Amino acid sequence: MLHGWENFFIVAGTAGATLIGLLFVAVSLMAVLPPWPSAWPVGIILGLFGLSGLVYQIHVILEQRKVVLVSPDWLDWTLFSVMPVLGNVSLIAGAAGLIAEKSFAPYAIAGAITLLLLAGIYGAWDLTLWIARNRDKI
(Lines give C-alpha, C1' and ligand atoms only; values in the text may rest on other atoms or scores of the structure.)
Protein backbone atom coordinates (compact mmCIF):
# COMPACT_ATOMS: atom_id res chain seq x y z
CA MET A 1 0.00 0.00 0.00
CA LEU A 2 2.86 2.40 0.72
CA HIS A 3 4.93 1.27 -2.24
CA GLY A 4 6.15 4.27 -4.20
CA TRP A 5 5.91 6.66 -1.24
CA GLU A 6 9.53 6.21 -0.09
CA ASN A 7 10.71 9.53 -1.52
CA PHE A 8 7.86 11.43 0.11
CA PHE A 9 8.67 10.06 3.54
CA ILE A 10 12.41 10.68 3.10
CA VAL A 11 11.77 14.30 2.13
CA ALA A 12 9.26 14.78 4.95
CA GLY A 13 11.66 13.30 7.50
CA THR A 14 14.52 15.46 6.26
CA ALA A 15 12.33 18.56 6.40
CA GLY A 16 11.28 17.69 9.95
CA ALA A 17 14.89 17.22 11.05
CA THR A 18 15.82 20.53 9.42
CA LEU A 19 13.03 22.34 11.24
CA ILE A 20 14.13 20.86 14.55
CA GLY A 21 17.67 22.06 13.81
CA LEU A 22 16.38 25.53 13.01
CA LEU A 23 14.44 25.52 16.27
CA PHE A 24 17.67 24.85 18.17
CA VAL A 25 19.35 27.71 16.30
CA ALA A 26 16.48 30.04 17.19
CA VAL A 27 16.60 29.02 20.85
CA SER A 28 20.37 29.46 20.99
CA LEU A 29 20.04 32.99 19.59
CA MET A 30 17.80 33.84 22.54
CA ALA A 31 20.27 32.52 25.11
CA VAL A 32 22.48 35.11 26.76
CA LEU A 33 24.83 32.82 28.71
CA PRO A 34 25.95 29.27 27.99
CA PRO A 35 24.54 26.66 30.38
CA TRP A 36 28.00 25.81 31.76
CA PRO A 37 30.31 27.92 33.94
CA SER A 38 33.41 27.37 31.77
CA ALA A 39 34.28 26.05 28.34
CA TRP A 40 36.36 23.07 29.48
CA PRO A 41 33.46 20.54 29.61
CA VAL A 42 32.60 21.35 26.00
CA GLY A 43 36.30 21.22 25.15
CA ILE A 44 36.59 17.73 26.62
CA ILE A 45 33.49 16.50 24.78
CA LEU A 46 34.62 17.98 21.45
CA GLY A 47 38.12 16.62 22.00
CA LEU A 48 36.74 13.13 22.56
CA PHE A 49 34.59 13.43 19.44
CA GLY A 50 37.58 14.63 17.43
CA LEU A 51 39.82 11.86 18.77
CA SER A 52 37.25 9.14 18.13
CA GLY A 53 36.59 10.56 14.65
CA LEU A 54 40.31 10.55 13.90
CA VAL A 55 40.70 6.93 15.04
CA TYR A 56 37.66 5.91 13.00
CA GLN A 57 38.92 7.76 9.92
CA ILE A 58 42.28 6.01 10.14
CA HIS A 59 40.39 2.70 10.28
CA VAL A 60 38.34 3.74 7.23
CA ILE A 61 41.48 4.68 5.28
CA LEU A 62 43.03 1.29 6.03
CA GLU A 63 39.83 -0.48 4.92
CA GLN A 64 39.54 1.66 1.76
CA ARG A 65 42.93 0.43 0.63
CA LYS A 66 41.61 -3.16 0.67
CA VAL A 67 38.58 -2.47 -1.57
CA VAL A 68 39.05 -3.52 -5.18
CA LEU A 69 35.53 -2.71 -6.42
CA VAL A 70 36.35 0.94 -7.09
CA SER A 71 39.69 2.63 -7.72
CA PRO A 72 39.49 6.09 -6.11
CA ASP A 73 41.34 8.94 -7.80
CA TRP A 74 43.17 11.78 -6.04
CA LEU A 75 39.98 13.83 -5.60
CA ASP A 76 38.19 10.94 -3.93
CA TRP A 77 41.16 10.27 -1.61
CA THR A 78 41.33 13.95 -0.74
CA LEU A 79 37.64 14.37 0.01
CA PHE A 80 37.02 10.94 1.57
CA SER A 81 40.20 10.67 3.60
CA VAL A 82 42.31 13.81 3.90
CA MET A 83 39.48 16.26 4.53
CA PRO A 84 37.91 14.25 7.41
CA VAL A 85 41.35 13.76 8.99
CA LEU A 86 42.01 17.51 8.81
CA GLY A 87 38.52 18.18 10.18
CA ASN A 88 39.05 15.89 13.16
CA VAL A 89 42.51 17.32 13.85
CA SER A 90 41.02 20.82 13.70
CA LEU A 91 38.29 19.73 16.12
CA ILE A 92 40.90 18.40 18.54
CA ALA A 93 42.87 21.66 18.24
CA GLY A 94 39.72 23.69 18.83
CA ALA A 95 38.85 21.60 21.86
CA ALA A 96 42.33 22.11 23.28
CA GLY A 97 41.94 25.82 22.59
CA LEU A 98 38.64 25.86 24.48
CA ILE A 99 40.20 24.15 27.47
CA ALA A 100 43.15 26.58 27.41
CA GLU A 101 40.79 29.54 26.74
CA LYS A 102 42.59 30.56 23.53
CA SER A 103 40.97 32.91 21.03
CA PHE A 104 41.56 30.60 18.02
CA ALA A 105 39.25 27.88 19.41
CA PRO A 106 35.97 28.96 17.75
CA TYR A 107 37.75 29.35 14.40
CA ALA A 108 39.27 25.87 14.63
CA ILE A 109 35.91 24.35 15.56
CA ALA A 110 34.16 26.22 12.72
CA GLY A 111 36.85 25.03 10.31
CA ALA A 112 36.38 21.45 11.52
CA ILE A 113 32.63 21.63 11.05
CA THR A 114 33.05 23.07 7.56
CA LEU A 115 35.56 20.41 6.49
CA LEU A 116 33.45 17.56 7.87
CA LEU A 117 30.27 18.94 6.27
CA LEU A 118 31.96 19.29 2.88
CA ALA A 119 33.30 15.74 3.11
CA GLY A 120 29.83 14.47 4.03
CA ILE A 121 28.15 16.38 1.22
CA TYR A 122 30.68 15.10 -1.31
CA GLY A 123 30.25 11.55 0.00
CA ALA A 124 26.48 11.72 -0.28
CA TRP A 125 26.69 13.21 -3.77
CA ASP A 126 29.24 10.62 -4.91
CA LEU A 127 27.13 7.77 -3.54
CA THR A 128 24.02 9.17 -5.25
CA LEU A 129 25.82 9.33 -8.59
CA TRP A 130 27.22 5.82 -8.15
CA ILE A 131 23.75 4.42 -7.40
CA ALA A 132 22.27 6.26 -10.38
CA ARG A 133 24.97 4.93 -12.72
CA ASN A 134 24.83 1.37 -11.40
CA ARG A 135 21.11 1.04 -10.78
CA ASP A 136 20.81 -1.90 -13.19
CA LYS A 137 23.69 -3.77 -11.49
CA ILE A 138 22.30 -3.51 -7.96
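This text goes with the structure placed above it.
Computed from a predicted model, the values in this text were never measured in an experiment.

J.: Which residues make up the overall build of the chain, and what values go with them?
T.: Along the chain, the regular secondary structure elements total 4 helices and 0 strands. Principal axes of the C-alpha set define a box for the chain whose edges measure 55 × 40 × 20 Å. The buried share of the chain, taken over its 138 residues, is 21%. Partitioning the contacts of the chain with sequence separation of at least 6, the portion at a separation of at least 24 is 65%. For the chain, the exposed area adds up to about 10600 Å²; of that, 76% sits on carbon and sulfur atoms. In the chain, which carries 6 positive and 7 negative side-chain charges, the distance between the mean positions of the two groups comes to 5 Å.

J.: Please set out a nonpolar patch on the surface residue by residue, giving values where relevant.
T.: There is a patch of nonpolar side chains on the surface, built from Trp40, Ile44, Leu48 and Ile99 and spanning about 400 Å² of accessible area. Take the nonpolar patch: its biggest share by element is 3 residues, from helix H2 (residues 40-64). Along the chain, Ile44 turns up in helix H2. On the basis of relative accessible area, Ile44 is assigned to the partly exposed category, the value being 36%.

J.: Could you give an account of the environment of Phe104, with specific residues and numbers?
T.: Here Phe104 is to be found in the loop between helix H3 (74-99) and helix H4 (105-133). A sequence separation of 11 residues divides Phe104 from Ala93, and the C-alpha atoms of the two residues are 9.0 Å apart. Residues within four places of Phe104 in sequence aside, it is in contact with Ala93 and Gly97.

J.: Talk me through the environment of Thr14; I want residue IDs and the actual numbers.
T.: With respect to the secondary-structure elements, Thr14 resides in helix H1 (residues 6-30). From its side chain, Thr14 meets the backbone oxygen of Ile10 in a polar contact 2.8 Å long.

J.: Tell me what's going on with H4, and back it up with residues and numbers.
T.: In a regular helix each residue adds 1.5 Å, so 29 residues correspond to 42 Å; H4 covers 42 Å between its end C-alpha atoms and thus fits that length. Those residues of H4 lying buried are Ala105, Ala108, Ile109, Ala112, Ala119, Tyr122 and Gly123. Summarising the contacts, the buried residues of H4 are in contact with H2 and H3.

J.: Got a sec to walk through the packing of H2 against H3? Specific residues and values, please.
T.: Interhelical geometry of H2 versus H3 gives an angle of 160° and a closest axis separation of 8 Å. Relative to H3, the element H2 is oriented roughly antiparallel. Here the hand of the crossing between H2 and H3 comes out left-handed. Taken together, the residues that form the contact of H2 with H3 break down as 18 nonpolar, 8 polar and no charged.

J.: An account of the side chain of Ser90 is needed here, citing residue identities and associated values.
T.: For Ser90, the location among the structural elements is in helix H3. According to the relative accessible area criterion, Ser90 is buried, its value standing at 17%. A distance of 2.6 Å separates a polar side-chain atom of Ser90 from the backbone oxygen of Ala108.

J.: How would you sum up the nonpolar core? Please name residues and give values.
T.: Within soluble globular proteins, side chains that are nonpolar generally end up buried alongside one another. Counting 7 residues, the largest nonpolar core consists of Leu46, Leu91, Ala95, Leu98, Ala105, Ile109 and Ala112. When contributions to this core are tallied by element, the ones reaching two or more residues are H3 and H4. The contacts of Leu98, once residues within four sequence positions are left out, are Ala39, Val42, Gly43, Leu46, Ala105 and Ile109.

Thresholds applied
- Residues numbered from 1 in each chain as written.
- Predicted model: local features only at pLDDT ≥ 70, side-chain atom pairs only at ≥ 80, totals over all residues.
- Heavy atoms only, no water.
- Helix = DSSP H or I, 4+ residues; strand = E, 2+ residues; numbered from the N terminus.
- Buried < 20%, exposed > 50% of the residue type's maximum accessible area, 1.4 Å probe, protein only.
- Contact = heavy atoms within 4.5 Å.
- Areas by Shrake-Rupley, 256 points an atom, 1.4 Å probe, with all protein chains shown as cover.
- Lys, Arg positive; Asp, Glu negative; His and termini not counted.
- Charge placed at Lys NZ, Arg CZ, Asp CG, Glu CD.
- Patch = residues over 30% accessible without salt bridge, like charges linked within 9 Å, V, L, I, M, F, W, Y side chains within 5 Å.
- Salt bridge = Lys/Arg side-chain N within 4 Å of Asp/Glu carboxyl O.
- Polar contact = N/O pair within 3.5 Å; in protein donor to acceptor, adjacent residues only side chain to side chain.
- Expected span 1.5 Å × (residues − 1).
- Axes fitted to C-alpha atoms, helices over the stretch in contact; angles between N-to-C directions.
- Parallel < 35°, antiparallel > 145°, perpendicular 65-115°, else oblique.
- Left-handed = near helix turned anticlockwise from the far one by under 90°.
- Nonpolar A, V, L, I, M, F, W, Y, C, P; charged D, E, K, R; others polar.
- Core = buried A, V, L, I, M, F, W, Y, C linked by side-chain atoms within 4.5 Å.

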